[in-house]
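Per-entry structural report
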Amino acid sequence: RKEVEQDPGPFNVPEGATVAFNCTYSNSASQSFFWYRQDCRKEPKLLMSVYSSGNEDGRFTAQLNRASQYISLLIRDSKLSDSATYLCVVSGGFKTIFGAGTRLFVKA
Amino acid sequence: SAVISQKPSRDICQRGTSLTIQCQVDSQVTMMFWYRQQPGQSLTLIATANQGSEATYESGFVIDKFPISRPNLTFSTLTVSNMSPEDSSIYLCSVKPPDRVGGYTFGSGTRLTVV
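From a predicted model like this one, the values you see are computed outputs, not experimental measurements.

Thresholds applied
Residues numbered from 1 in each chain as written. Chains lettered and ligands numbered in written order. Predicted model: local features only at pLDDT ≥ 70, side-chain atom pairs only at ≥ 80, totals over all residues. Heavy atoms only, no water. Disulfide = S-S within 2.5 Å. Helix = DSSP H or I, 4+ residues; strand = E, 2+ residues; numbered from the N terminus. Buried < 20%, exposed > 50% of the residue type's maximum accessible area, 1.4 Å probe, protein only. Pairing = 2+ DSSP bridges. Axes fitted to C-alpha atoms, helices over the stretch in contact; angles between N-to-C directions. Contact = heavy atoms within 4.5 Å. Buried area = accessible area lost by both parts, 1.4 Å probe. Salt bridge = Lys/Arg side-chain N within 4 Å of Asp/Glu carboxyl O. Polar contact = N/O pair within 3.5 Å; in protein donor to acceptor, adjacent residues only side chain to side chain. Nonpolar A, V, L, I, M, F, W, Y, C, P; charged D, E, K, R; others polar. Core = buried A, V, L, I, M, F, W, Y, C linked by side-chain atoms within 4.5 Å.

Observations regarding the state of the cysteines
According to the stated counting rule, one finds two disulfides over all chains in the structure shown. Bridging C23(A) to C88(A), the disulfide has an S-S length of 1.9 Å. The disulfide joining C23(A) to C88(A) has a torsion of about -70° about its S-S bond and is therefore left-handed. Placement of C23(A) in strand β3 (residues 19-25) and of C88(A) in strand β9 (residues 84-92) is noted, with a sequence separation of 65 residues between them. Put simply, C23(B) and C93(B) are joined by a disulfide, and their sulfur atoms are 1.8 Å apart. In this structure the cystine formed by C23(B) and C93(B) twists about its S-S bond by roughly -85°; its chirality is therefore left-handed. Here the residue C23(B) occupies a position in strand β3 (residues 19-25), and C93(B) occupies one in strand β9 (residues 89-95), the gap between them amounting to 70 residues. Accessibility expressed as a relative area gives 0% for C93(B), which makes it buried. Just so you know, C40(A) is unpaired, no disulfide at all, and the nearest cysteine sulfur is the one on C93(B), 20 Å from it. Considering cysteine sulfurs only, C23(B) is the nearest to C13(B), which forms no disulfide, with 16 Å between them.

In structure tokens:
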């Protein structure tokens, strides 16, 4: 089992749709969780951290379920500009593991 | 957040040669990280570069193949030595600024093609 697993997609959604990604992790001692966004041929950029209580940033909501060891990202009212690969990142101690990413295509 | 300047952005190299990638950060950071991202894959940590000491390499990566320099707190280089087509990948440097909770900042990446 991979340390961090994501559905690779691609997810093809129309503008305005709501889409959710899940990510599971295997190390129960993991302490920090993040979602990164990576555009084609660009470097990854931090989208948001994920807190135990859940957190929201505009159209984006991230949640953490420690008991089931997964994190989620919800995107509401999808825009064309949301098309990208979304990477789940899990940190524990000195180790940070990147998921392989979920590809999202938002179409007009 | 920190700004990282990474060079070159891309290169096409002959097998058997070496390429040195540079990363310059606009602030002092204790650790710099070098990653590799192969097409359609996630990021794999190559090594952690510490100022004043040898880099710490991850399993599967060795200093002879990927020598790293870290002469000060704002600069690091990664060399890909004796290249083969299997080294074709995107190489990224990264830092974790102390004022940014958890998040890594990445350089723009070096797209390497070995022919």
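Observations concerning the sheet that holds strand β1 (residues 4-6) of chain A
Residue and element names in this part refer to chain A. Ordered by their spatial adjacency, five strands build an open sheet running β1-β3-β8-β7-β6, and the pairing between neighbours is antiparallel. Each having just a single partner strand, β1 and β6 (55-57) make up the two edges of the open sheet. For this sheet the average axis-to-axis angle between neighbouring strands, irrespective of direction, equals 20°. Pairing between β6 and strand β7 (residues 60-65): three bridges, direction antiparallel. If you follow N55 over to β7, its bridge partner there is A62.

Thoughts on the interface of chain B and chain A
By convention, interface size is frequently given as the accessible area that disappears when the constituent parts associate. Across the boundary between the two partners, chain B contributes 15 residues, which contact 14 residues of chain A. When the buried surface of chain B facing chain A is broken down by residue, S42(B), Y104(B) and F106(B) rank first, second and third, together holding 34% of it. Where chain B packs against chain A, one counts zero salt bridges. Linking chain B to chain A there are five residue pairs in polar contact (both at pLDDT 80 or more). Broken down by class, the residue content of the side of chain B that touches chain A amounts to six nonpolar, six polar and three charged.

Details of the sheet that holds β3(B)
All names here are of chain B. If you trace the four strands from one edge of the open sheet to the other, you get β1-β3-β8-β7, paired in antiparallel fashion. The two strands at the open ends of the sheet, each matched to only one other strand, are β1 (4-7) and β7 (68-72). Shown here is a sheet whose adjacent strand axes are inclined to one another by a mean of 15°, direction ignored. As paired elements, β1 and β3 share four bridges and run antiparallel to each other. Each residue of the ladder has a partner; that of I4, found in β3, is V25.

Section: the pattern of salt bridges
Residue and element names in this part refer to chain A. In the structure shown here, the tally under the stated rule is six salt bridges over all chains. One salt bridge in this structure joins E3 and K95, with 3.1 Å as the shortest N-O distance. Pair noted here: E3 is in the segment before β1 and K95 is in strand β10 (residues 95-98), with a separation of 92 residues, a long-range link. Using a relative accessible area of 35% as the deciding quantity, one classes E3 as partly exposed. With relative accessibility at 45%, the residue K95 sits in the partly exposed group. We note a salt bridge from E56 to R76, for which the minimum N-O separation is 3.5 Å.

A few points about the nonpolar core
By size, the foremost hydrophobic cluster in this structure holds 26 residues, and its most contacted members are W34(B), I46(B), F66(B), I68(B), L78(B), Y91(B) and L112(B). Counting residues per element, the ones that place at least two in this core are β3, β4 (31-37), β5 (43-50), β8 (75-80), β9 and β11 (110-114) of chain B. Ranked by residue count, the leading element in this core is β3(B), at four residues. Membership of the second largest hydrophobic core comes to 24 residues, among which are C23(A), F60(A), I75(A) and Y86(A).

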